[in-house]
Amino acid sequence: MCGIVGYVGSGEASARALGVVMSGLARLEYRGYDSAGVALVTADRERVAVAKKAGKLVNLAKALAEDPLPDATAAIGHTRWATHGAPTDANAHPHLAAGGRIAIIHNGIIENYAKLRAELTRDGVIFASETDTEVAGHWLAREVDTGLSLTDAMLSTARALEGAFTFLAVDAREPHTVVGARRNSPLVVGLGDGENFLGSDVVAFIEHTRVALELDQDEVVEITPDGVTVFDRTGAVVVREPYEVTWDASAAERGGFATFMDKEIHDQPAAVADTLRGRIDEHGKLQLDGGYIDDRVLNSVDKIVVVACGTASYAGLVARYAIEHWCRIPVEVELAHEFRYRDPVVGVRTLVVAISQSGETMDTIMAVRHAQQQGANVIAIVNVQGSTIAREADAVLYTRAGPEIAVASTKAFLAQITAAFLLGIFLAELRGNKFPDEISALLAELDEIPAKVQRVLDTSQPIRDLAHSMANERTVLFLGRHVGYPVALEGALKLKELAYIHAEGFAAGELKHGPIALVEEGQPVFIILPSPNGRHSLHSKVISNVQEVRARGARTFVIAEEGDTEAADYAEQVFYVPASPVLMAPLLKVVPLQIFALELASAKGFDVDQPRNLAKSVTVE
Ligand code: F6R
């Protein structure tokens, strides 16, 4: 939610400052695209040079081409997801203070901004925008006016503010410095050679350096051409160890695909395989990526609560079926924003599993903190290395999906399910619910998934064709039962967010309790058909649901397993995926639905990587 980039170069003013910031913004645009702006500092000027434009980054690039900015020693840039104030040029960041000497950009929400704005207004400050950010800018300028350096002024400003923020600021009188601050929003430092970088995410600077350094809560950072200094909230210097980012710039490129989303759908076999790789040691122990929860604690757990939002919560719903079945522990799955505010019953015997691609979703962060305050242990299943949730959880299991740039989540979903399955398998072994040979069998079944996902991708042309023929549909329904239910929810969410079509996912058994009233002649309904095999198969029950909607005129499209000889009798079209164990089927059956949404949105001419009104990581509550 809002992308932030900062850069200081080797001392001489050059065009590189703007180049670095613009290419960083292009990579961060997934975080928000309501407006974009840059501020540049040069040694011989009293004011910073600013350009900003409402709309996507391309508008800013056009404005810069028509009216170029001077070469610079330092630069900051911002891509916005609007919170306070409409997406206009005036509300775009950077915001100026001290008569244009200071520029500031911000990600987050300042909760006490109204009080501070009133105080500044009484002091005669005139505001140029409706944003909370501008308040912080003027506050910072007031501190600088008292004779403080930009860094000290940022430290004292951060102490005055309530809420969530990452700030970057520059001062025309300190042309070789960019200062940043963070509380509850991400900020990463990139360490270069004679130049340094700041970004909301390492993708902002990955093409220039893979050496990064993270900031903790309430820290302030100062970057100059030859140094990075981190301060805690009291102003004391903190020593932080840099780390090497494990993927390179090519992972954040489209790699020949027309969209990031299509590329990321095709990354899914690797995302699952990488998430599985080398996880279970020779003693059957799950290799976590950080933190530790004692086996005795895990053995005493009497309830698991999964907290997550959106697609990540559907991964949790899939995991629930598996973990309850394998471990015999009750599992609740709760939307993080609902969990946090309903006084949930959690305690020392509750294991909370926080699932998040970004690791920065504010609702999930708040749920994690609340659970920890109640004494619960938290395991994070997170994709972004070093993100807030990964750092604050007691233990972390990374999904190794690589950077997910398209706003709608695809490969992270499959990787989240895979990681949650690993956790379930590990707990089942630890708690003695499964014998070692059963554990090995489950792991072997999981190992087969990447090749099966690849088969789904290789045979996806029919669903792509169907999507193009359905560009004018107004409503699409999705039905599933058992693990097919979260797949139906995810299929509907993808279609809503990408193609702006009304779509609903229902538990197939719930249909006759109301939703069937929606079905009329010609209504497209996708049905996730369970495997016909196995003693407890729900196949015939879901077939009955297919018949119920068909009898009322629905057009039925079925996702079924290869070898299902009955499916074709009940469907206008069947899309087959390879057979798999029942619990693992969502990893395959969701893929045609992702592709369907992608293609239908493309057929309508929509931007599938950056759907309207959305942002990749929702860092406000
Ligand atoms: C949907 C989507 C969102 C996210 C949700 C949680 O395609 O991407 O529903 O799944 O905002 O985000 P993370 O996983 O970053 O916590």
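Residues numbered from 1 in each chain as written. Predicted model: local features only at pLDDT ≥ 70, side-chain atom pairs only at ≥ 80, totals over all residues. Heavy atoms only, no water.

Enquirer: Honestly, the site of the ligand in this entry has me stumped. Any pointers?
Expert: Surveying the vicinity of the ligand reveals 14 residues, the closest of which are Ser356, Gln357, Ser358, Thr361 and Glu497. At 2.5 Å from an oxygen atom of the ligand is found a side-chain nitrogen or oxygen belonging to Thr361. A distance of 2.5 Å is found between an oxygen atom of the ligand and a side-chain nitrogen or oxygen belonging to Glu497. Protein burial of the ligand: of its 410 Å² of free accessible surface, 89% is covered by the chains. For the shell around the ligand, the secondary-structure elements that each account for two or more residues are helix 9 (310–327) and helix 17 (484–499). Tallied by class, residues from the shell around the ligand come to five nonpolar, seven polar and two charged. Composition of the shell around the ligand by domain shows at least three residues from each of domain 2 (254–447) and domain 3 (461–603). (Near = heavy atom within 4 Å. Polar contact = N/O pair within 3.5 Å; in protein donor to acceptor, adjacent residues only side chain to side chain. Areas by Shrake-Rupley, 256 points an atom, 1.4 Å probe, with all protein chains shown as cover. Helix = DSSP H or I, 4+ residues; strand = E, 2+ residues; numbered from the N terminus. Nonpolar A, V, L, I, M, F, W, Y, C, P; charged D, E, K, R; others polar. Domains from an automatic or database assignment.)

Enquirer: So what exactly am I meant to see when it comes to unusual backbone geometry here?
Expert: What is expected of a backbone is that most residues other than glycine have negative phi and most peptide bonds are trans. Of note, the bond from His93 into Pro94 is cis; its omega dihedral lies within 30 degrees of zero at 0°. Looking at where Pro94 falls in the secondary structure, it is placed in the loop between strand 4 (74–80) and strand 5 (95–97). One non-glycine residue, Ala98, adopts positive backbone phi at about 55°. Mapped onto the elements of the fold, Ala98 is located in the loop between strand 5 and strand 6 (102–110).

Enquirer: Help me out: how do you make sense of the sheet that holds strand 16 (residues 290–291) in this one?
Expert: Think of a sheet as strands paired side by side through backbone hydrogen bonds, with each pair either parallel or antiparallel. In space, the six strands of this open sheet follow the order 16-21-20-19-17-18, with mixed pairing throughout. Every other strand in the sheet has two partners, leaving strand 16 and strand 18 (331–335) as the edge strands with one partner each. Sheet analysis places strand 17 (residues 303–308) next to strand 19 (residues 350–356), joined by five bridges and oriented parallel. Looking at the pairing, Val305 lines up with Val352 of strand 19. (Pairing = 2+ DSSP bridges.)

Enquirer: What's the story with the nonpolar core in this structure? I'm lost.
Expert: Nonpolar side chains tend to gather and get buried jointly when the protein is soluble and globular. Among the nonpolar cores identified, the biggest contains 124 residues, and Ile304, Trp326, Leu495 and Phe526 are the most heavily contacted of them. The dominant element in this core, judged by the number of residues it contributes, is helix 13 (residues 411–430), at 12 residues. If sequence neighbours within four positions are ignored, Ile304 has contacts with Ile323, Ile329, Pro330, Val331, Glu332, Leu351, Val353 and Leu427. Of all hydrophobic cores here, the second largest spans 26 residues; its members include Ala97, Phe127, Ala136 and Leu150. (Core = buried A, V, L, I, M, F, W, Y, C linked by side-chain atoms within 4.5 Å. Buried < 20%, exposed > 50% of the residue type's maximum accessible area, 1.4 Å probe, protein only. Contact = heavy atoms within 4.5 Å.)

Enquirer: Would you take a moment to explain the packing of aromatic side chains for this structure?
Expert: The geometry of an aromatic ring pair is captured by the separation of the ring centres together with the interplanar angle, meaning the angle of the planes. Per the stated rule, a full pass over the model turns up eight aromatic pairs. Cation over ring: Arg117 sits above Phe127, and NZ or CZ is 4.1 Å from the ring centre. (Phe/Tyr/Trp six-rings, centres within 6.5 Å; stacked < 30°, edge-to-face > 60°. Lys NZ or Arg CZ within 6 Å of the ring centre and 35° of its normal.)

Enquirer: Got a minute to help me understand the domain arrangement of the chain in this structure?
Expert: Frequently, the measure chosen for interface size is the accessible area removed from exposure when the parts meet. The domain boundaries assigned to the chain delineate domain 1 (3–245), domain 2 (254–447) and domain 3 (461–603). Computed from C-alpha atoms alone, the centre-to-centre distance between domain 1 and domain 2 is 33 Å. The interface of domain 1 with domain 2 comprises 14 residues on the first partner and 10 residues on the second. Here domain 1 meets domain 2 over a buried area of about 1000 Å², counting both sides, of which 49% is carbon and sulfur. Of all residues in domain 1, Tyr30, Asn184 and Glu214 give up the largest surface area on contact with domain 2, accounting jointly for 44% of the area buried on that side. (Buried area = accessible area lost by both parts, 1.4 Å probe.)

Enquirer: Whenever I open this one, the sheet that holds strand 24 (residues 524–528) confuses me. Can you help?
Expert: The sheet built from five strands is open, its strands ordered 23-22-24-25-26 with parallel pairing. The strands lining the two open edges of the sheet, one partner per strand, are strand 23 (502–507) and strand 26 (573–577). Each neighbouring strand pair of the sheet contributes to a mean axis angle of 20°, computed without reference to strand direction. The sheet contact formed by strand 22 (residues 475–480) and strand 24 spans three bridges and is parallel. What sits directly across from Leu479, in strand 24, is Ile527. Of the strands in this sheet, strand 22, strand 24 and strand 25 (555–561) touch helix 18 (residues 539–551), which is tilted by about 175° from strand 24. (Axes fitted to C-alpha atoms, helices over the stretch in contact; angles between N-to-C directions.)

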